[in-house]
Amino acid sequence: YYTKKHPEAENKIEPIGTLYKECVFLVTKKDGKIKDDGDLQREGIKVDIGKNGSGSQVTWEYMTMLENGFSKADTYYNGGNMALAKVKSGVFDAAIIVTKPRINSRVFKQIEDAGLTIRDIKDWDLNDKFKGEPIYTFETVKVFDHFFGGKVDTICTTANVYVSRDVDDKTKDRIAEAVLSLD
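Overview of the structure. (Residues numbered from 1 in each chain as written. Predicted model: local features only at pLDDT ≥ 70, side-chain atom pairs only at ≥ 80, totals over all residues. Heavy atoms only, no water.)

### Some points on a negative patch on the surface
Together, Asp168, Asp169, Asp173 and Glu177 make up a negatively charged patch on the protein surface. Of note, aspartate 169 is situated in helix H5 (residues 169-181). (Patch = residues over 30% accessible without salt bridge, like charges linked within 9 Å, V, L, I, M, F, W, Y side chains within 5 Å. Areas by Shrake-Rupley, 256 points an atom, 1.4 Å probe, with all protein chains shown as cover. Salt bridge = Lys/Arg side-chain N within 4 Å of Asp/Glu carboxyl O. Lys, Arg positive; Asp, Glu negative; His and termini not counted. Charge placed at Lys NZ, Arg CZ, Asp CG, Glu CD. Helix = DSSP H or I, 4+ residues; strand = E, 2+ residues; numbered from the N terminus.)

### Section: the state of the cysteines
The tally for this structure, following the rule as stated, stands at one disulfide. Here cysteine 23 is linked by a disulfide to cysteine 156, with a sulfur-sulfur distance of 2.0 Å. A torsion of 95 degrees about the S-S bond marks the disulfide between cysteine 23 and cysteine 156 as right-handed. Of this pair, cysteine 23 sits in strand E1 (residues 13-29) while cysteine 156 sits in strand E9 (residues 151-164), and the two are 133 residues apart along the sequence. You'll find cysteine 23 and cysteine 156 in the same group, each marked buried. (Disulfide = S-S within 2.5 Å. Buried < 20%, exposed > 50% of the residue type's maximum accessible area, 1.4 Å probe, protein only.)

### Digging into helix H2 (residues 55-66)
Taking 1.5 Å of rise per residue, the 12 residues of H2 would be expected to cover 16 Å, and the 16 Å separating its terminal C-alpha atoms lies within 8% of that figure. Of all 12 residues in H2, 10 are buried; the element is thus mostly enclosed. Listed as buried for H2 are Ser56, Gln57, Val58, Thr59, Trp60, Glu61, Tyr62, Met63, Thr64 and Leu66. (Expected span 1.5 Å × (residues − 1).)

### Re the environment of phenylalanine 108
Note that phenylalanine 108 resides in helix H4 (residues 106-113). Overall, the relative accessible area of 1% leaves phenylalanine 108 in the buried class. In contact with phenylalanine 108, other than residues within four places in its own chain, are Phe25, Thr99, Lys100, Pro101, Arg102, Ile118, Val143 and Phe144. (Contact = heavy atoms within 4.5 Å.)

Written out as structure tokens, the structure is:
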């Protein structure tokens, strides 16, 4: 993402490592207008894509690059609890949330407690390659600990750490050590 916005930086940064897998979650009202990601490709649909510069906003930008139909939706930049509250009240039709797929995490509990749901994301155009590599994998992720269900089909990617090539080796090594210590 960064090198797309700043092509001059492409040869000035280097990867250090991968932090974790994160997935994209489409949050809607259970009885709302949105039943799956295809419904986001209509004019007049209101989608909160998170704060400007957030992982959710960057993900939405990639999604619109890979599937231009998503650009038909009206986008808003709130994120977090504000986005969920506005989906619940009907101000927005959906919210895009990017997070680690952990069963019954705080955010998934908030979604469930608010009476909201998570919809599938299955648009195969999101499997297209960017600079020769696919950005996303399609996965079935368990988000709620229900006997029946609790799973959603969505797109996932990895959160990676990059560092400026201008940073001294000692600092790079400390950053690498921090990445290694994460589980």
